[in-house]
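# A look at the structure
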Amino acid sequence: MDSNDDEVILFENGSIWQWTDHGSEAKRANWFTVHNNKFKNIGNGDAPHNVRKTATKTINLGGRLVLPGLHDSHIHIYHMGECMQYVDLHGCHSIDELKKRVAEHAIDHPDSKWILGVGWEQDKLTVNGAYPSRYDLDEVVSDRPIFLSRACWHIAVCNTKAMEIAGMNLERNDLDISNGVVDVDENGVPTGVLREDARNLVMDHIQESSDAVRLKYLSAGLRQCLQFGLTAVHTNDFNCWKLYQQLQLQANLPIRVYLTPKHCEIGGTDIPPSGTTEDLLSCDRVKLFSDGSLGAETAALRLPYRGTDNRGVLMESDENLLRKILEAEANGYRVEIHAIGDRAAAQVINAIKMAGIKPERRPILTHCQVLGPDLIESMKQLGIIADIQPSFVVTDTSFARKRLDEGVLPYSYCWKRLMNSNIVCAGGSDAPIETSNPFQGIYDAMFRCEPGAEDCLHIEERLSFEQALLMYTKNGVFTVMKENELGEIRSGFKADFVVLHDDVTKDYERLRNDGLVHSVWVDGIERFNANKDNGTDGVDSGLQFRNSNLGGKNGRMGFCPCCSR
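Reading the values: rules and limits
Residues numbered from 1 in each chain as written. Predicted model: local features only at pLDDT ≥ 70, side-chain atom pairs only at ≥ 80, totals over all residues. Heavy atoms only, no water. Helix = DSSP H or I, 4+ residues; strand = E, 2+ residues; numbered from the N terminus. Rg over C-alpha atoms; globule rule 2.2 N^0.38 Å. Buried < 20%, exposed > 50% of the residue type's maximum accessible area, 1.4 Å probe, protein only. Areas by Shrake-Rupley, 256 points an atom, 1.4 Å probe, with all protein chains shown as cover. Salt bridge = Lys/Arg side-chain N within 4 Å of Asp/Glu carboxyl O. Phe/Tyr/Trp six-rings, centres within 6.5 Å; stacked < 30°, edge-to-face > 60°. Lys NZ or Arg CZ within 6 Å of the ring centre and 35° of its normal. Pairing = 2+ DSSP bridges. Axes fitted to C-alpha atoms, helices over the stretch in contact; angles between N-to-C directions. Contact = heavy atoms within 4.5 Å. Parallel < 35°, antiparallel > 145°, perpendicular 65-115°, else oblique. Left-handed = near helix turned anticlockwise from the far one by under 90°. Polar contact = N/O pair within 3.5 Å; in protein donor to acceptor, adjacent residues only side chain to side chain. Core = buried A, V, L, I, M, F, W, Y, C linked by side-chain atoms within 4.5 Å.

For the chain, the helix and strand inventory stands at 17 helices and 26 strands. Taken over the C-alpha trace, the chain has a radius of gyration of 23 Å; the compact-globule value for 565 residues is 24 Å, and the two agree within 12%. Its C-alpha atoms put the chain at 85 × 55 × 50 Å along the principal axes. Expressed as a percentage of its 565 residues, the buried residues of the chain come to 60%. For the chain, the exposed surface amounts to about 21,400 Å²; the carbon and sulfur share of it is 45%.

This is the structure in structure tokens:
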């Protein structure tokens, strides 16, 4: 993977995207050179003789579109690899179908101690939105523990065996869990449904302890990101810094990794000092949580969910959140804080203000699904970055109108409104809750619905291709404070770029094409080429995972341990 300092590569006959100095506008170049891992010369027409003379290697791009390196600003690499072994429950349209898939998985994996799955949504399983129960799962398998997470990973359902292993009372709930709920029936008997931190009662018994296996999870997740065209990921992975170091030492880290550990890791042995950079591996911020998810009705709202008095769950008291932000800052870490509901966003924004965090620290509000005019104005004043997931609007349209008060809908999933307010919006996937394919994210930011779908939440919030691409390039780079060296194909910048088979600007439907990516270059080195037998080049997963291209909540990959503490 090492580059040759004397090598000068000329890339010619391309359609090379270059940002102008006018925001989201762009122009095209035809050729560029890479030397010492950086872009050197860039131009239009044919490369001049003096450039050709100095080139030690020439690559004909064949007229293909070349984009700056793409960042996913909110992702979970470890869990991407982990959930490739789970029962895929996405698209289940009944509890019987869910049971059938679990039964088939149990037969196919007779030696698995636990049966784990992800992807169900109660609104799709039953007409009235009823949840599956432990009794449903007991009918499938009773002698092995089952733990099935909802698509958002804020709720899970387990069977009786799993509850027994966790030491739970099967006849009544005798636990008082802060930030969590054990669902019970009309007689007070636990149903097997666990919400938010109550999930940890079972999850604590199924954590993978083998570093060898955990390395393979990371490798599998990285491989998928690479093949989808990502050159950098901002990933929330618990206790993984040393594992990423090992991958880099083994030359198995093919893309840039900006690790965001959990706040609770501060002071531990597996978190580096803030600002640490080791080649492609960096860390300068930590992750905090303010609320749950909208689909699970645990996102904290200022107005109750429709037809209820439920306003969701705040994970922290105001005092605790402020204390944790101050602790992170005192240790030099920037903060990224999960907030989906407007009550959570208000809590986070107030805490950032109370902590005295200056705009130059670029605090990050992740998700930003439900806001308000006052919150948007405060975000602008405080320089808060909106880390958004465009695919969520496609996923959530089916239930957002059912759950949210009519008065807050105009300020929900309002990406264009944020951008028009001069708030930097960075694009992410929250993979594996959605696909890590950035081109699907760009498509969803532009169209906000599936092709042919009649229901589109706020069609006026659709972004242009340039605005959507900006979120995954320059704005993602701004989020990690690297705008002077990444995010553009510009002389002196690090040579991160992706070559596409199709010019998606001529037909945006091509963004959804399988095999769109021709090649991926990071630091001037080709890390992936679709025309070569390199499905694992640069990443040795060591495992053969089924369903390596699982779909998301809206059909292309799903689950959210980001919200699991």
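Once you've had a look at it, read on.
Taken as a whole, this structure holds 28 salt bridges when the rule is applied. For the salt bridge of E12 with R52, the shortest nitrogen-to-oxygen distance reads 2.5 Å. With E12 in strand 1 (residues 8-12) and R52 in helix 1 (residues 49-54), the pair connects residues that are 40 residues apart, well separated along the chain. The buried category is assigned to E12, whose relative accessible area is 15%. Three or more residues are tied together by salt bridges with common partners; here these are D123, E297, K402 and R403.

For the rest of this paragraph, the subject is the packing of aromatic side chains. In total, this model carries 14 aromatic pairs according to the counting rule given. Relative to F32, the ring of F11 lies with its centre 4.8 Å away and its plane at 20°, an arrangement referred to as stacked. Residue F11 is found in strand 1, and its partner F32 is found in strand 4 (residues 31-35); the two are separated by 21 residues along the sequence. Neither F11 nor F32 differs from the other in exposure class; each is buried. Arranged with centres 5.8 Å apart and planes meeting at 45°, the rings of F39 and F497 form a pair that is tilted. Of the two residues, F39 sits in strand 5 (residues 38-43) while F497 sits in strand 24 (residues 497-500), which places them 458 residues apart along the sequence. Here F39 matches F497 in class, with each residue buried. Among the aromatic residues, those joined into a cluster by ring pairs are F11, F32, F39, F497 and W521. Across the ring face of F399, the terminal group of R150 is positioned such that the distance to the ring centre comes to 5.9 Å. We note R362 situated over the ring of F478; from NZ or CZ to the ring centre the distance is 3.6 Å.

As defined by bridge partners, strand 2 (residues 15-19) adjoins strand 7 (residues 65-68) across two bridges and the pair is classed as parallel. Along strand 7, the bridge assignment pairs I16 with V66. When strand 7 meets strand 24, the two strands line up antiparallel, connected through four bridges. Note on strand 24: the bridge partner recorded for P68 is F497.

Consecutive side chains of a regular strand alternate in pointing toward one face of the sheet and then the other. When strand 4 meets strand 5, the two strands line up antiparallel, connected through four bridges. Bridge pairing links W31 to G43 in strand 5. Hairpin connection between strand 4 and strand 5: a loop of two residues separates the two successive antiparallel strands, and N36 in this loop has a positive phi of roughly 55°.

Reading across from one edge, 3-2-7-24-25-26 is the order of the six strands in this open sheet, with mixed pairing throughout. Two strands close off the open sheet at either side, each with one partner strand: strand 3 (26-29) and strand 26 (525-529). Pairwise comparison of adjacent strand axes, ignoring direction, gives a mean angle of 25° for this sheet. Of the pairings in the sheet, the one linking strand 24 to strand 25 (residues 517-522) comprises four bridges and is antiparallel in character. Counterpart to V499 in the pairing with strand 25 is S519.

An order of 5-4-1-6 is seen for the four strands of this open sheet, with the pairing classed as mixed. With partners counted over all chains shown, the strands left at the sheet margins are strand 5 and strand 6 (57-60), one partner each. The sheet shows a mean angle of 20° between the axes of neighbouring strands, taken without regard to direction. As paired elements, strand 1 and strand 6 share four bridges and run parallel to each other.

Another point: the environment of F32. For F32, a relative accessible area of 0% puts it in the buried group. If near-sequence neighbours (up to four positions away) are discounted, F32 is found in contact with I9, L10, F11, I16, F39, N41, I42, V66, I489 and F497.

Bringing the packing of helix 10 (residues 318-330) against helix 11 (residues 342-354) into the picture now. Packing of helix 10 against helix 11 brings their axes to within 9 Å, and their N-to-C directions diverge by 50°. Taken together, the axis directions place helix 10 and helix 11 in an arrangement best described as oblique. Both helix 10 and helix 11 take part in a crossing whose hand is right-handed. Of the residues in helix 11, those touching helix 10 at D318, L321, L322 and I325 are Q347, V348, A351, I352 and M354.

Residue A431 is joined to P432 through a cis peptide bond whose omega torsion reads 10°. The topology assignment puts P432 in the loop between strand 23 (425-427) and helix 15 (438-447). One non-glycine residue with positive phi stands out, namely N37, at about 70°. For N37, the position within the fold is in the loop between strand 4 and strand 5. In the Ramachandran plot, N422 falls in the positive-phi region, its phi being about 65° despite a non-glycine side chain. For N422, a relative accessible area of 63% corresponds to the exposed category.

Mapped onto the secondary structure, Q381 falls in helix 12 (residues 373-382). Taking C-alpha positions, Q381 is 43 Å from I206, a pair spaced 175 residues apart along the chain. At 2.7 Å, the side chain of Q381 forms a polar contact with the side chain of E377.

With 104 residues, the main nonpolar core has Y244 and I325 as its most contacted residues. Apart from the residues lying within four places of it in its own chain, the contact partners of I325 are L288, V335, I337, A351, I352, A355 and I357. Counting 20 residues, the second-largest nonpolar core is a separate cluster that includes V118, A156, M163 and M203.

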